Amino acid sequence: QVQLVESGGGLVQAGDSLSLSCAASGRTFSDYSMGWFRQAPGKEREFVAFITWSGDSIRYADSVKGRFTISRDNAKNTVYLQMNSLKPEDTAVYYCAGGRVYMYYNPNHYDYWGQGTQVTGSS
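Residues numbered from 1 in each chain as written. Predicted model: local features only at pLDDT ≥ 70, side-chain atom pairs only at ≥ 80, totals over all residues. Heavy atoms only, no water.

A. How the structure looks around the nonpolar core. Core analysis: the largest hydrophobic core is formed by 34 residues, its most contacted members being Trp36, Leu81, Met83 and Tyr94. Of all the elements in the fold, those that place two or more residues in this core are β1 (2–7), β3 (18–26), β4 (33–39), β5 (46–51), β7 (68–73), β8 (78–83) and β9 (92–99). Looking at which element gives the most residues to this core, the answer is β5, with five residues. (Core = buried A, V, L, I, M, F, W, Y, C linked by side-chain atoms within 4.5 Å. Buried < 20%, exposed > 50% of the residue type's maximum accessible area, 1.4 Å probe, protein only. Helix = DSSP H or I, 4+ residues; strand = E, 2+ residues; numbered from the N terminus.)

The following block contains the structure:
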């Protein structure tokens, strides 16, 4: 089992930056690829970003490419999501997830999930 705890959410203005963290505990964090997803009210959970266990492969949703950066520190058992140039449409609950992932954009391929952290953007 892996326990994931997100932090760093909050209320931001359009154009602001925010950094999310996801701390892992339990089984070996470095064994797993990690992803960030988000879910806005009334919408399905959507893929945001993905990073392999080694960090050698990274993927982003088109909607955040060039604005968000995913990274990880295996020594600290933590994955990060740096969000720049935030827009009101980035408002959502952000979840980190981990697993031995084959389809990085599919939430069903992740075994472990955090409880989520709210990011609210305003114009």
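We are not done yet, so read on.
B. Local environment of the pattern of salt bridges. Counted under the stated rule, the structure contains five salt bridges. Across the pair Arg100 and Asp31 runs a salt bridge whose closest N-O atoms are separated by 3.8 Å. Here Asp31 lies in the loop between β3 and β4 and Arg100 lies in the loop between β9 and β10 (112–113), a separation of 69 residues in the sequence. Judged by its relative accessible area of 48%, Arg100 falls in the partly exposed class. Owing to a relative accessible area of 40%, Asp31 belongs among the partly exposed residues under this scheme. (Salt bridge = Lys/Arg side-chain N within 4 Å of Asp/Glu carboxyl O.)

C. Summary view of the packing of aromatic side chains. In this structure the tally under the stated criterion is nine aromatic pairs. Considering the side-chain rings of Tyr32 and Tyr112, the 5.6 Å spacing of their centres and the 75° angle between planes classify their relative orientation as edge-to-face. Of the two residues, Tyr32 sits in the loop between β3 and β4 while Tyr112 sits in strand β10, which places them 80 residues apart along the sequence. With relative accessibility at 4%, the residue Tyr32 sits in the buried group. Linked through ring pairs, Phe37, Phe47, Phe50, Tyr95, Tyr104, Tyr105, Tyr110 and Trp113 together constitute an aromatic cluster. (Phe/Tyr/Trp six-rings, centres within 6.5 Å; stacked < 30°, edge-to-face > 60°.)

D. Quick peek at the confidence of the model for the protein. Of the residues in the protein, 100% have a pLDDT of 70 or more, and the chain-wide mean is 94. Per-element confidence in the protein ranges from a low mean pLDDT of 92 for strand β11 (residues 117–122) to a high of 98 for β5. (pLDDT = per-residue confidence, 0-100.)

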